[in-house]
Amino acid sequence: MSTPTATAPDRTVSLREVGPARRGTRPDEVVIALSPAFAGHFTKTIVDVPHAEVLRQLMAGIEEQGVTARLVRVLETADLAAIAHTAARMSGSGISVGILSRGTTMIHQKDLPRLSNLELFPQSPLLDAPVFRMIGSNAAQYAKGEHPQPVPTRNDQMARPRWQAKAALLHLKEFDCIEPGRGPVEVEAVFGPGTAG
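The structure contained in this document is the topic of the report that follows. Note that this is a predicted model, so its numbers are computed, not measured.

### Re the sheet that holds strand β3 (residues 68-73)
Pairing is mixed in the open sheet, where seven strands are placed in the order β1-β7-β3-β2-β4-β5-β6. The open sheet has two edge strands with one neighbour each: β1 (11-20) and β6 (119-121). On average, each strand axis in the sheet is tilted by 30 degrees relative to the strand beside it, whichever way the strands run. Judged from the three bridges that link them, strand β5 (residues 105-109) and β6 form a sheet pairing that is antiparallel. The residue of β6 that forms the bridge with Met106 is Leu120.

Okay, structure coming up:
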């Protein structure tokens with residue numbers, strides 16, 4: 001099985017801090033929670049899908065369902081369950097999508113225990129742009145009170161041994177970006193064209 005790669009031209013994204021993240025009041029929102037190094041220290045997933053494309057696809061999937069996406073960066077942890085659960089409690093709908101820089105993703109709901117989730121996508125080397133769009137769509141459907149079919153996922157038993165060393169290094173770098181004691185911040189995505197080279 002081949003590893004997915006970015007098929008779209010490289011795009012860039014920078015995240016502009018808007019202020020401290022607050023609990024949303026809109027029942028039609030999904031919070032996308034970004035790890036400390038997402039679109040900052042790192043700009044691509046473990047298989048080189050640009051973070052700009054990841055965000056564009058997640059947001060498009062959410063918006064196609066008539067739901068609003070709000071971006072929050074969680075700075076005090078690089079634990080996916082904690083990131084996603086924190087965001088779910090901030091979301092007006094109670095639904096969030098948490099994502100690590102390497103691409104590992106989770107859909108969470110505020111009423112679930114932190115280590116539970118609605119859907120988990122642990123094999124980040126198998127996640128590509130169409131899968132991120134489906135994740136956004138499912139999150140939006142959960143926000144509307146619907147019960148979507150889980151996003152179909154591929155399984156590659158060799159993905160873990162093939163990518164484990166790189167994933168461990170990325171995880172360590174992600175932890176270097178943690179800002180202990182700093183609360184989540186709301187961010188705005190500023191998209192730009194890719195760079196040559």
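### What about the environment of Pro27?
Structurally, the position occupied by Pro27 is in the loop between β1 and β2 (29-34). C-alpha of Pro27 to C-alpha of Val67: the two residues are 40 residues apart in sequence and 8.9 Å apart in space. Ignoring sequence-local partners within four residues, the contact set of Pro27 consists of Gly92, Ser93 and Ala143.

### Overview of the side chain of Ser93
With respect to the helices, strands and loops of the structure, Ser93 is situated in the loop between α2 (80-90) and β4 (95-99). The residues touching Ser93, leaving out its near neighbours within four places in the chain, are Arg26, Pro27, Glu29, Val30 and Ala143.

### A few points about helix α4 (residues 159-176)
The end-to-end C-alpha distance of α4, which contains 18 residues, comes to 25 Å, matching closely the 26 Å that a straight helix rising 1.5 Å per residue would cover. The sharpest bend along α4 measures roughly 45 degrees and falls at Ala165.

### A word on unusual backbone geometry
In this structure, Ala39 is a non-glycine residue whose phi angle is positive, near 55 degrees. Position of Ala39 among the secondary structure elements: in the loop between β2 and α1 (51-63).

### Overview of the pattern of salt bridges
Counted under the stated rule, the structure contains 11 salt bridges. A salt bridge links Arg114 to Asp79; the shortest N-O distance between them is 3.4 Å. One end of the pair, Arg114, is in the loop between β5 and β6; the other, Asp79, is in the loop between β3 and α2, and 35 residues separate them in sequence. Of the residues examined, Arg114 reaches a relative accessible area of 39% and is grouped as partly exposed. The exposure class assigned to Asp79 is partly exposed, which follows from its relative accessible area of 31%.

Cut-off values and rules
Residues numbered from 1 in each chain as written. Predicted model: local features only at pLDDT ≥ 70, side-chain atom pairs only at ≥ 80, totals over all residues. Heavy atoms only, no water. Pairing = 2+ DSSP bridges. Helix = DSSP H or I, 4+ residues; strand = E, 2+ residues; numbered from the N terminus. Axes fitted to C-alpha atoms, helices over the stretch in contact; angles between N-to-C directions. Contact = heavy atoms within 4.5 Å. Expected span 1.5 Å × (residues − 1). Bend = angle between axes of the 7 residues up to and from the residue. Salt bridge = Lys/Arg side-chain N within 4 Å of Asp/Glu carboxyl O. Buried < 20%, exposed > 50% of the residue type's maximum accessible area, 1.4 Å probe, protein only.

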